[in-house]
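Breakdown of the fold
Residues per chain, in single letters:
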Amino acid sequence: SRNNPHKKVLSFAPTFPSSSLLITRLRLVLLRILLRGGKKETSAMAPLRRAASAAAVLLALTGLFLLVLSPADAATAAVEGGELRMKQSDGGYSYNSTLAHILVEYASAVYTSDLTSLLKWTCPRCEGHTKGFQMIEIIVDVEKCLQAFVGVAPDPRSIIIAFRGTQEHSASNWIEDLFWKQLDVTYPGMPDAMVHHGFYSAYYNTTLRHEILKSVQWAWKTYGRLPINVVGHSMGGALASFCALDLSVKWGSHKVQLITFGQPRVGNPAFAEYFNEQVPRTIRVTHENDIVPHLPPYFYYLGEWTYHHFAREVWLRETIVGNVVTRNETVCDCSGEDPTCSRSVYGRSVADHLEYYGVNLHADSRGTCQFVIGASNSAYGDILQFDGTIILSRYPQKRYPVESI
């Protein structure tokens, strides 16, 4: 629970099941996934069944790979893999539950498609703990269906950068695609750090980065050198991670704090270790059986060729004893892949992915990527449209090359 001290796991002693036991376990997993006790399947469940089937195939291949390894070879692969080589240090940073409950509301608000109400902070999601927030800029990449905003919050007094995740109607397809994403880009300046180009390009190779850096500098000139809180859910959590890393390398980790909700893995163990060093003020929240934090899959015996979460995870889970429901917030170890947290369950739930701390994290409406801009935006300075991008800004827009920021 939130009162428990941080768990410190300094080493792992992996054990490897016999071939027959491993096969039995794989059979049970396949049966649980593919035969759901006679539950009636709806059309909406079909994409999820395909995703689960893909997971079953991966599990089977995993079993075959392990079976051809001798125990000594498997142990060597594990020790050389990501889980055991991570540095077990969190730099003294701790989880703040109150802050998480506030920041999740910004991760929810960024899903608002009515850009006028979002700009003026009058949307239905712009209440509660976020009251008094001052929007600086909203950036929308219509072609890639990306959305982010930058503004200044009264409590905690800081710059807020929020990234939207995948539209709800396409979440199932996106989740299915996560099974097959490859580590295919070397992170600049880190030869061993690999990431997926889709996650990387969505932040670094779109208008988002350019506008966010520009808005942060404008905010610092206007409000002083405020700290920065970067938030995001799902795919937005992946973008928020790259943004926080970018800002930390550029302006120092003491200025940047990251909290994500239900984000996927974005890089390999070398990237995760580099990330932990550069962005130590990081919390990665997971919820119950949310499927997305389990993807892309993690295989410790593949060493640097597997995806690996960075630290530190906080796992939200409910326990029910009789009529008493207890909401637990478990602070996990600083390995990034704590086997006693979300990895201890089968992550198969989309419903758990769409709600964190009781807050809905999905788009206002289903359908294609749609945005609404009202007739009156006189409260703010500029509306700029170019190259499939919409920018609503509080300050006059000028185009600068990214290199000059």
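The following refers to the structure shown. As the structure is a computational prediction, the values presented were derived from the model and not from experiment. (Residues numbered from 1 in each chain as written. Predicted model: local features only at pLDDT ≥ 70, side-chain atom pairs only at ≥ 80, totals over all residues. Heavy atoms only, no water.)

1. Looking at the pattern of salt bridges
This is how it is decided: Salt bridges are counted wherever a side-chain nitrogen of Lys or Arg sits within 4 Å of a carboxyl oxygen of Asp or Glu. Labels follow the DSSP assignment, with helices taken as runs of H or I lasting at least four residues and strands as runs of E lasting at least two, numbered in each case from the N terminus. Think of it in three bands: residues with accessible area under 20% of the maximum for their type are buried, residues over 50% are exposed, and the middle band is partly exposed, with areas taken using a 1.4 Å probe on protein chains only.
All chains considered together, the criterion is met by six salt bridges. Note that Glu211 is salt-bridged to Lys214, the shortest N-O span being 3.3 Å. With Glu211 and Lys214 both in helix α9 (residues 207–223), this residue pair falls three residues apart, about one helical turn. Relative accessible area serves as the criterion here: at 0%, Glu211 is assigned to the buried category.

2. A closer look at the nonpolar core
Applied cut-off: To form a nonpolar core, buried Ala, Val, Leu, Ile, Met, Phe, Trp, Tyr and Cys residues must be joined to one another through side-chain atoms within 4.5 Å. Any two residues whose heavy atoms approach within 4.5 Å at even a single point are treated as in contact.
Formed by 60 residues in total, the largest nonpolar core has its most connected members in Ile159, Ile161, Phe163, Ile212, Val230 and Phe242. Per-element tally for this core: the top contributor is helix α10 (residues 235–251), with 10 residues. Residue contacts for Phe242: discarding those within four places in its chain leaves Tyr187, Val195, Phe199, Tyr200, Tyr203, Tyr204, Val266 and Phe271. Ranked by size, the runner-up nonpolar core spans 41 residues in total, among them Leu103, Ala107, Ile160 and Val359.

3. Observations regarding the pairing of strand β6 (residues 228–233)
What counts here: Criterion used throughout: strands pair if DSSP finds at least two bridges between them. A clockwise path from the first strand over the helix to the second, with the strands pointing away from the viewer, defines a right-handed crossover.
Most of β6 is tucked away, with six of its six residues classed as buried. Of the two faces of β6, the one carrying Ile228, Val230 and Gly232 and the one carrying Asn229, Val231 and His233 are both buried. Pairing of strand β3 (residues 157–163) with β6, which is carried by five bridges, proceeds in the parallel orientation. For Ile160, the partnering residue across the bridge sits in β6 and is Asn229. For β6 and strand β7 (residues 256–261), the ladder comprises six bridges, and the chain directions are parallel. Opposite Val231, over in β7, you have Ile259 as the bridge partner. Traced from β6 through α10 to β7, the parallel crossover comes out right-handed.

4. Topic: the side chain of Ser234
Condition: Polar contact is defined as a pair of N or O atoms within 3.5 Å, subject to the rule that within protein one atom must be able to donate a hydrogen and the other to accept it, and that residues adjacent in sequence are counted only when both atoms are side-chain atoms.
Its location among the elements puts Ser234 in the loop between β6 and α10. Residue class for Ser234 comes out buried when judged on its relative accessible area of 2%. A polar contact of 2.9 Å, which involves the side chain of Ser234, links it to the side chain of His353.

5. Section: the pairing of strand β9 (residues 313–321)
Here strand β8 (residues 282–287) runs beside β9; their pairing, made up of four bridges, is parallel. Within the sheet, the bridge partner assigned to Arg284 lies in β9 and is Glu313. The antiparallel pairing of β9 with strand β10 (residues 324–331) creates a hairpin that spans two residues between the two strands, and Gly322 there sits at a positive phi of about 65°.

6. Considerations on the environment of Gly388
As for its position among the elements, Gly388 is in the loop between β13 (382–386) and β14 (389–393). Take Gly388: its relative accessible area is 38%, and that puts it in the partly exposed class. Note: C-alpha distance between Gly388 and Lys144 (244 residues apart in sequence) is 8.8 Å. Among all residues touching Gly388, those that are not within four sequence positions of it are Val140, Asp141, Val142 and Glu143.

7. Comments concerning the packing of aromatic side chains
Formally: To pair, rings of Phe, Tyr and Trp, with the six-membered ring standing in for Trp, must have centres within 6.5 Å; the planes then decide the type, stacked if under 30 degrees apart, edge-to-face if over 60, and tilted in the middle. Ring-over charges, as used throughout, are those where CZ of Arg or NZ of Lys falls within 6 Å of the ring centre and within 35 degrees of the ring normal.
Tallied over the entire structure, the rule returns 24 aromatic pairs. When the ring of Phe242 is compared with that of Phe271, the centres are 5.8 Å apart and the planes differ by 45°; the resulting orientation is tilted. Of this pair, Phe242 sits in helix α10 while Phe271 sits in helix α11 (residues 269–278), and the two are 29 residues apart along the sequence. Residue Phe242 is classed as buried on the basis of its relative accessible area, which comes to 0%. Lys250 extends its terminal NZ or CZ atom over the ring of Trp251, reaching a point 5.8 Å from the ring centre.

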